[in-house]
Amino acid sequence: MNPGIDLQESFVEALTGLGLPSEIAKLFWLPLPMGLMLVAATVGVLGTVWLERKISAAAQQRIGPEYIGPMGTLAPLADGLKLLFKEDTVPTNSDPWLFTLGPIIVAIPVFLSYLIVPFGQNMVITDLGTAIFLWIALSSIQPIGLLMSGYASNNKYSLLGGLRAAAQSISYEIPLALAVLAVVMMSNSMSTLDIVNQQSGYGILGWNIWRQPVGFLIFWIAALAECERLPFDLPEAEEELVAGYQTEYSGMKFALYYLASYINLVLSSLMVAVLYLGGWDFPIPVDWVAHTLGLSETTPWLQVILAMLGITMTVLKAYLLVFTAILLRWTVPRVRIDQLLNLGWKFLLPVGLVNLLLTAALKLAFPVAFGG
């Protein structure tokens, strides 16, 4: 297995080499990953918004953004600046505190979830033993903010949108957790690094998607519903609810909802890459390639190249899923609320339970292949 580069250790060693005590060097390291996470998440959102506009235009035989920057690449940035300078209005008779706290509670947990996403061996901000549990716990906070926004808006459409968001999230959170639990059971760990390492060694043949095809489909459908992507955007269905819980929002508060939605989509795609597609792992085993070329995996220049390729591989897998989600939006019609709840409770939940029990049985019967 490639030992990878320990960024924290390298950063601290570089500063101690300049004469700083190691304790102070570690203090300098603390805000750096958080800043990098915010910048990476924001850049990822801008890229996703541009992709969505281009792909939707292609699906409808239009050109899409073209004049703001090369191929319209600066259009998402212009949209963000426009929302930043728009007037922030608060409805009459609404609860101003809850109205303001709603979008903040929706956005912060999504940003914090990036703490446990690994982009390479040791390239993770926090390697927690309970990383998967933390991610599921953080994702369960978001519906509280949506419900709070709907209630505080003093608008019946917003209230209905908030109630739908809460019902939708609860319906799909349980199948998603069952799908993740099967992967955790095979990996014998809730650490995202351990889950990727468990899939490495055999290239594409070692990825969890071959051992958990049903879990992969359940996770992806539940993730789309959690992100409120079409065909599951019932909380903001404009034909029925005007814009749902977002109806009364404007300016930066409105932008926070869209920011959280797109960040959540990229995050869900990254988690699919980590849980089912080998994370930073290559389709061809690196050990085999290095052995064929007569190279040692501990060679410094090779580690740097592998680290860069690992980040590229993770992002590539994630954006392939983002592309699929965008294409689905412009291909599949919106479901009704009763169809959405039936799919979650009457189909995905029992299938998720059977998949979990089957994984446990296979783990006992074939411990080598299923992580016994």
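Residues numbered from 1 in each chain as written. Predicted model: local features only at pLDDT ≥ 70, side-chain atom pairs only at ≥ 80, totals over all residues. Heavy atoms only, no water.

Engineer: Would you mind showing me how to read the overall build of the chain here?
Structural biologist: Tallying secondary structure elements over the chain gives 16 helices and 0 strands in all. For 372 residues, the compact-globule estimate of 2.2 N^0.38 gives 21 Å, and the C-alpha radius of gyration of the chain, at 22 Å, lies within 12% of that figure. Expressed as a percentage of the 372 residues in the chain, the buried residues total 47%. Long-range contacts, defined here as pairs at least 24 residues apart, represent 79% of the contacts in the chain between residues at least 6 apart. Taken as a whole, the chain presents about 18,200 Å² of accessible surface, with 73% of it coming from carbon and sulfur. (Helix = DSSP H or I, 4+ residues; strand = E, 2+ residues; numbered from the N terminus. Rg over C-alpha atoms; globule rule 2.2 N^0.38 Å. Buried < 20%, exposed > 50% of the residue type's maximum accessible area, 1.4 Å probe, protein only. Contact = heavy atoms within 4.5 Å. Areas by Shrake-Rupley, 256 points an atom, 1.4 Å probe, with all protein chains shown as cover.)

Engineer: How should the packing of aromatic side chains be read in this particular structure?
Structural biologist: In this description, a pair of aromatic rings is defined by centroid distance and the angle of the planes. Summed over the entire model, instances satisfying the criterion amount to 8 aromatic pairs. Seen in terms of ring centroids, F254 and Y258 are 5.2 Å apart; in terms of plane orientation they differ by 40°. Their pairing is tilted. Highlighted residues: F254 and Y258, both in helix α13 (residues 251-276), separated by 4 residues, approximately one helical turn. A relative accessible area of 24% places F254 in the partly exposed class. For Y258, a relative accessible area of 35% gives the class partly exposed. For the ring pair Y258 and Y262, a centre distance of 6.4 Å and an interplane angle of 35° mean the geometry is tilted. Residue Y258 and its partner Y262 are located together in helix α13, separated by 4 residues, close to a single helical turn. By way of ring pairs, the aromatic residues F99, Y245, Y249 and Y257 are connected into one cluster. The cationic tip of K317 hangs over the ring face of W207; the distance from NZ or CZ to the ring centre is 4.0 Å. (Phe/Tyr/Trp six-rings, centres within 6.5 Å; stacked < 30°, edge-to-face > 60°. Lys NZ or Arg CZ within 6 Å of the ring centre and 35° of its normal.)

Engineer: Got a minute to help me understand the packing of helix α7 (residues 142-152) against helix α8 (residues 156-187) in this structure?
Structural biologist: One way to put it is that α7 packs onto α8 with a least axis distance of 7 Å and a crossing angle of 165°. With respect to each other, α7 and α8 are oriented roughly antiparallel. Crossing of α7 over α8 shows left-handed handedness. The residues of α8 that touch α7, namely those facing P143, L146, L147, G150 and Y151, are S158, L159, G162, L163, A165, A166 and S169. Along the lines of polarity and charge, the residues of the contact of α7 with α8 split into 8 nonpolar, 4 polar and no charged. (Axes fitted to C-alpha atoms, helices over the stretch in contact; angles between N-to-C directions. Parallel < 35°, antiparallel > 145°, perpendicular 65-115°, else oblique. Left-handed = near helix turned anticlockwise from the far one by under 90°. Nonpolar A, V, L, I, M, F, W, Y, C, P; charged D, E, K, R; others polar.)

Engineer: Looking at this structure, I do not really get the pattern of salt bridges. What am I missing?
Structural biologist: Two side chains that carry opposite charge are able to pair once their charged atoms sit near each other. Considering all chains together, one arrives at 3 salt bridges under this definition. Here E52 and R329 are joined by a salt bridge, their closest N and O atoms 2.8 Å apart. Remark: R329 occurs in helix α15 (residues 300-329) and E52 occurs in helix α3 (residues 31-59); sequence separation between them is 277 residues. Given the relative accessible area of 28%, R329 is considered partly exposed. We note a salt bridge from D79 to R53, for which the minimum N-O separation is 2.5 Å. Here D79 is found in helix α4 (residues 75-84), whereas its partner R53 is found in helix α3, with 26 residues between them in sequence. (Salt bridge = Lys/Arg side-chain N within 4 Å of Asp/Glu carboxyl O.)

Engineer: I tried to follow the side chain of E226 on my own but got confused; where do I start?
Structural biologist: Along the chain, E226 falls in helix α11 (residues 213-226). When sequence neighbours within four positions are dropped, the list of residues in contact with E226 reads S139, Q142, S169, Y172, E173, L176 and N264.

Engineer: Quick question: what am I supposed to make of the packing of α3 against α13 here?
Structural biologist: Each packed pair of helices is defined by two parameters, the angle between the axes and the distance between the axes. Across the interface, α3 lies against α13 with an axial gap of 9 Å and an inter-helix angle of 95°. In this view, α3 runs roughly perpendicular relative to α13, as classed from their interaxial angle. Touching A41, G44, V45, T48, V49 and E52 of α3 are L259, Y262, I263, L265 and V266, all from α13. Class assignment for the residues of the contact of α3 with α13 results in 8 nonpolar, 2 polar and 1 charged.

Engineer: Where do I start with unusual backbone geometry in this structure?
Structural biologist: Where the residue is not glycine, phi is negative for most of them; where a peptide bond is considered, it is trans in most cases. Backbone geometry places M71, a non-glycine residue, at a positive phi of 55°. Along the chain, the position of M71 falls in the loop between α3 and α4. Even without a glycine there, the phi angle at N154 is positive, about 60°. By the secondary structure assignment, N154 is in the loop between α7 and α8. Judged by its relative accessible area of 48%, N154 falls in the partly exposed class.

Engineer: Looking at this structure, how should I read helix α6 (residues 131-139)?
Structural biologist: In an α-helix, one full turn covers 3.6 residues, which means residues spaced three or four apart are oriented alike. Every buried residue of α6 is listed here: A131, I132, W135, L138 and S139. Mapping the buried residues of α6 onto a view down its axis gives an arc of 130°, with all of them on the same face. (Arc of directions from axis to C-beta.)

Engineer: Explain the nonpolar core here, please?
Structural biologist: As a rule of thumb, nonpolar side chains are buried together in soluble globular proteins. By size, the foremost hydrophobic cluster in this structure holds 52 residues, and its most contacted members are Y114, W135, V180, F219, L275 and Y276. For this core, the secondary-structure elements that each account for two or more residues are α3, α5 (96-113), α6, α8, α11, α13, α15 and α16 (337-365). It is α13 that contributes the most residues to this core, 10 residues altogether. Other than its neighbours up to four places away in sequence, Y276 contacts A179, V180, V183, Q199, W207, N208, I209, Q212, G215, F216 and F219. (Core = buried A, V, L, I, M, F, W, Y, C linked by side-chain atoms within 4.5 Å.)

Engineer: Help me understand the environment of N122 in this model?
Structural biologist: Following the sequence through the fold, N122 ends up in the loop between α5 and α6. The sequence separation of N122 and V272 amounts to 150 residues, and the corresponding C-alpha distance is 19 Å.

Engineer: Would you explain the side chain of S158 in this entry?
Structural biologist: Note on placement: S158 falls in helix α8. S158 sits in the buried class, given a relative accessible area of 0%. Setting aside residues no more than four positions away along its own chain, S158 makes contact with G150, S153, G244, Y245, T247 and E248.

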